[in-house]
Amino acid sequence: MSQIISHRSILAMAVSLLIRLFFFFVFVFIISVDGQCRDDQKKLLLDLKSELVFNSSSYSARFLMWNERDDCCNWSGVECDNESGRVMSLLLKNQGISGGIGESSTLFRLAYLSNLDLSFNDFITGEIPNQFHRLTNLKLLYLSQSGFMGPFPSTLANLANLVILDLSSNFLTGSIPSFHKCKNLESIDLSDNNLMGSLSRFHFQGLTNLVLLDLSHNSLNGSIPHHLFALRSLGFLDLSNNQFSGQIEDFPMENQSSISWLDLSGNRIGGPIPNFFFHLQSMWGLRLSNNLFNGTFKLDKIRSLTSLSELTLSNNNLSVDTTNMSSHGYTNLERLLLSSCKMYSFPNLRNVSYLLDLDLSNNYMGGAIPNWIWEIEVMSLNLSLNHLTDFEKPYRIPHTIRTLDLHSNLFSCEFPLLSQSNQSILVSTNLFFLADNSLTGVIPTSICSISRLVVLDLSFNNLNGSIPRCLLEKSSDLTVLNIRGNNISGFIPDAMRGNCVLETFDVSDNNLGGKIPKSLENCNELAVMNVGNNNFDGNFPCMALPVSLKVLVLRGNRFHGELRCSKSWPDLQILDISSNNFSGTLNLINFSSLRGMMLQSRAHLRPTRSASDILSADNFYRDEVTITVKNVEVKLVKIWPDFTSIDLSSNRFRGEIPDAIGNLSSLYLLNLSHNSISDAIPRSLGALTELGSLDLSSNKLTGRIPEELAKLTFLSVLNLSYNHLTGLIPTGTQFQTFSADSYVGNAGLSGFPLNGSFNNPHRPGPSPSDDSEPKDEEIEWEYVFAAFGYVVGFGSIAWTLLCCRSLRERYFEKIEEVADKLFYERGRRKRYERRVRRRREEKKRREERRNGLRRHHL
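Quick summary incoming for the structure in this document. As the structure is a prediction and not an experimental result, all values here were calculated from the model.

### As for the state of the cysteines
Note on terminology: a disulfide is the covalent bond linking the sulfur atoms of two cysteines. Per the counting criterion, the structure on display carries 5 disulfides. Note on cysteine connectivity: Cys 448 is disulfide-linked to Cys 470, with sulfurs 1.9 Å apart. Taking the torsion about the S-S bond as the criterion, the Cys 448 to Cys 470 disulfide, at about 70°, is right-handed. One end of the pair, Cys 448, is in the loop between β27 (431-433) and β28 (455-457); the other, Cys 470, is in helix α4 (residues 469-473), and 22 residues separate them in sequence. Taking the relative accessible area as the measure of exposure, Cys 448 reaches 17% and is therefore buried. Sulfur-sulfur distance for the disulfide between Cys 500 and Cys 523 comes to 2.1 Å.

### Details of the sheet that holds strand β32 (residues 511-514)
Reading across the sheet, the 10 strands line up as β30-β32-β34-β36-β38-β42-β44-β46-β48-β49 and stay open at both edges, with parallel pairing between neighbours. Only two strands of the sheet have a single partner each, and these edge strands are β30 (489-490) and β49 (748-750). Sheet topology note: the strand β36 (residues 558-562)/strand β38 (residues 581-585) ladder contains 3 bridges and is parallel. In the sheet register, Glu 562 faces β38, and the bridge partner there is Ser 583.

### With respect to the packing of aromatic side chains
Under the counting rule described, the total for this entry stands at 19 aromatic pairs. Feature note: the residues Trp 374, Phe 391, Tyr 395 and Phe 411 constitute an aromatic cluster, connected by ring pairs. Just above the ring of Tyr 112 sits the side chain of Arg 86; from NZ or CZ to the centre is 4.2 Å. Over the ring of Phe 202 we find Arg 201; its NZ or CZ atom is 5.1 Å from the centre of that ring.

### What about the nonpolar core?
Judged by nonpolar contacts, the single largest core of 201 residues is most densely connected at Leu 90, Phe 132, Phe 179 and Phe 277. For Phe 179, the contacting residues outside a window of four places in its chain are Phe 152, Ala 157, Leu 165, Leu 185, Ile 188, His 203, Phe 204 and Leu 207. Val 551, Val 553, Ile 574 and Leu 669 belong to the second-largest nonpolar core, a separate cluster that totals 9 residues.

### Some words on helix α2 (residues 39-51)
The end-to-end C-alpha distance of α2, which contains 13 residues, comes to 19 Å, matching closely the 18 Å that a straight helix rising 1.5 Å per residue would cover. Among all positions in α2, only Gln 41, Lys 42, Leu 44, Leu 45, Leu 46 and Leu 48 are buried. Check the buried side of α2 and you find it contacts β2 (78-80) and β3 (87-91).

### Looking at the environment of Pro 370
As for its position among the elements, Pro 370 is in the loop between β23 (366-369) and β24 (377-382). Apart from the residues lying within four places of it in its own chain, the contact partners of Pro 370 are Phe 346 and Glu 392.

### Some thoughts on the pattern of salt bridges
Tallying each qualifying case throughout the model produces 17 salt bridges. Here Glu 310 ties to Arg 287 by a salt bridge, and the two come within 2.7 Å at their closest N and O atoms. Linking Glu 310 in strand β19 (residues 310-312) with Arg 287 in strand β17 (residues 285-287), this pair joins segments that are 23 residues apart in sequence. Judged on exposure class, the residue Glu 310 and its partner Arg 287 are both buried.

### Some words on the pairing of β36
Of the pairings in the sheet, the one linking strand β34 (residues 535-538) to β36 comprises 2 bridges and is parallel in character. The residue of β36 that forms the bridge with Asp 537 is Arg 558.

### Focus on unusual backbone geometry
Across the junction of Lys 393 and Pro 394, the peptide omega takes the value -5°, indicating a cis bond. Its location among the elements puts Pro 394 in the loop between β25 (387-391) and β26 (403-405). A cis geometry characterises the amide bond from Phe 752 onward to Pro 753, with omega recorded as 15°. For Pro 753, the location among the structural elements is in the loop between β49 and α5 (781-803). Despite not being glycine, Ser 698 has its phi angle at roughly 55°, a positive value. Positionally, Ser 698 belongs in the loop between β45 (693-695) and β46 (700-703). With a phi close to 55°, Tyr 722 is a non-glycine residue in the positive phi region.

The rules we used
Residues numbered from 1 in each chain as written. Predicted model: local features only at pLDDT ≥ 70, side-chain atom pairs only at ≥ 80, totals over all residues. Heavy atoms only, no water. Disulfide = S-S within 2.5 Å. Helix = DSSP H or I, 4+ residues; strand = E, 2+ residues; numbered from the N terminus. Buried < 20%, exposed > 50% of the residue type's maximum accessible area, 1.4 Å probe, protein only. Pairing = 2+ DSSP bridges. Phe/Tyr/Trp six-rings, centres within 6.5 Å; stacked < 30°, edge-to-face > 60°. Lys NZ or Arg CZ within 6 Å of the ring centre and 35° of its normal. Core = buried A, V, L, I, M, F, W, Y, C linked by side-chain atoms within 4.5 Å. Contact = heavy atoms within 4.5 Å. Expected span 1.5 Å × (residues − 1). Salt bridge = Lys/Arg side-chain N within 4 Å of Asp/Glu carboxyl O.

Here is the structure:
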């Protein structure tokens, strides 16, 4: 009996063990299956990979590792649902994708996708497909900065589960659809596109969860609907840089608004500033600059916004009243920008403890700068373009100040702020602007005590003396040195060290002499060098010029000799060595090495460049240079990267014009006048399709004017006068716009627009004898035949188009196609490159604000 019980117990134990093992294997099986990619999902992803056009050499191309062997849920950029193994997220940001997502793309068969990120790719010729409505589970859609073009796909407004939509920094056109079906939307970013049309109260109706709306940098117009300000959940509203107009009327706020950041700058909004703005108790950022707001605004109103951190009212038609302004109630204020606000006195900010940025420039404030302003721990202070004359004493500049801009005032004292008794008064200043005053005396050596001086602009004063040697020895920090337009004499100290970081070196319009120091070559980042209109001498300073140069100006000095130099400057875009004594032939210049003056492609100009390439010190400083057009000096106050010029005029160059100049396909200005250049004008100049100004006057050029020059459609300035040119002036639309002054002094030239007051329109021939009988004026058959040919040709085309409807339709369709291709494509690409780079910094700042906003709402 006991034996039977023993067998039963053993059997029970075995059964129990088997059951446990069964459940264990089932559990292991479930664990092993959980999170695995389904076969159908893997196939869809591999099909999508085969459709995509991408840069396989891109270091970040995630789908290069997608293969049949591995679990697709473990692929980079792919996230799956843990239970079903279905693809939920596809994160392909910045993967070098340039195409392959069309209307029939496999992407739209990933029906369970809830998060899709295709931002920072390059769909430069593609439109956003209209099939996104098939992804009904989509919650997060990021397509920003990917080069998408074409109309805004209205089907996106049918995604009912959408929470975040980011289509910023593309080329989208058309109007914005109504998002009233997307009740879950929390963030909409459509900034930096080409969207047009107006906004109505229905566009965002019912979006009770909307926290962020960014429509900035578009072409939206009309008035701003009141309902936007009344959206209860909205915290971040950016409508800046559009074409909104009209007046924002005051209205009662029925519900407490949550708006904490409001940016309406860069529009055409007029009328007084609405009072309800100052009832938005959560407001910490209010930007209204660059509009048409008018009337008188009492600055004391902002006391009601106890959380206000930033206020910008610059560049309106406002008169900001600072009288009777209390000194209390601005404890959180960090940025106050009141440029061009017709202010006559300083706002009372005595009790503000800290200001990141205070801009009171371009107003009517005169007299002395009050000494209490230095008690504020301000980092950036701009008092430029006023009528300030002195500094109220005693004063001491705070160590916190990083930017001090006092340019264009009426200071006429000796060099302020750096007296010998206060050598460390500007010890931490990085950017120091005192240009366009009447400062006298010498540049004090105490300025070298500023430990991290980055920009020093003392241009257009009455300073004399010499350049302190210690200033150039500090070039490990100094990026901009501008002492242009003073009475500085002596020579440039040969003191630049190997760690020189100078980007702009402008000592033009002084009395400096000697030679250009060789140590300047140590400045490997030097982009702008201007030593024009001084007394420098010697040969061309080849060894002193770093290869990084983009602007080189040696004009108006005593340089001489031939241009023999083994170096090249591949980024050079402005070369001005005019009004010297250079000699020799132009073939000594290696024009073929000037890649900065060549188009990278016919589609757009230099795609790797942006407006910030030459602008220094985070855009606080802008380089300027003077060029000569039609014997008139023109000041470029902003040097764009697309502007290129060569001025070799008023020297002693001889020989022929090199054909290699014709390779400089982006050249805008070419001036070779007042030299001894001979031979014929090369036909290769006809390849300079961007040329706007050509001056070859006062040389010894011979032969005919090449027909190719008549095809330069952008040419607006032409001077070929005082040479030995012969033959007929070429006919062409552009050439017919130039006056006879462009050709005067060429005895052998004939044709329009020359006439008897300048030259004989006929070829020179024997004079008729006195006793010869008068003859009828000879008929100039060449003009008769030319006119007859024009009439017959034009009449034939017009008659054919008039009588043949199908040909007429095809003809005008072709015209539209060519026009679109020439102008729209090129313009679109240029705007894209310029705008994307311009907005990166703003985008970064905006993200920081949004993160702060989200934390605030959480």
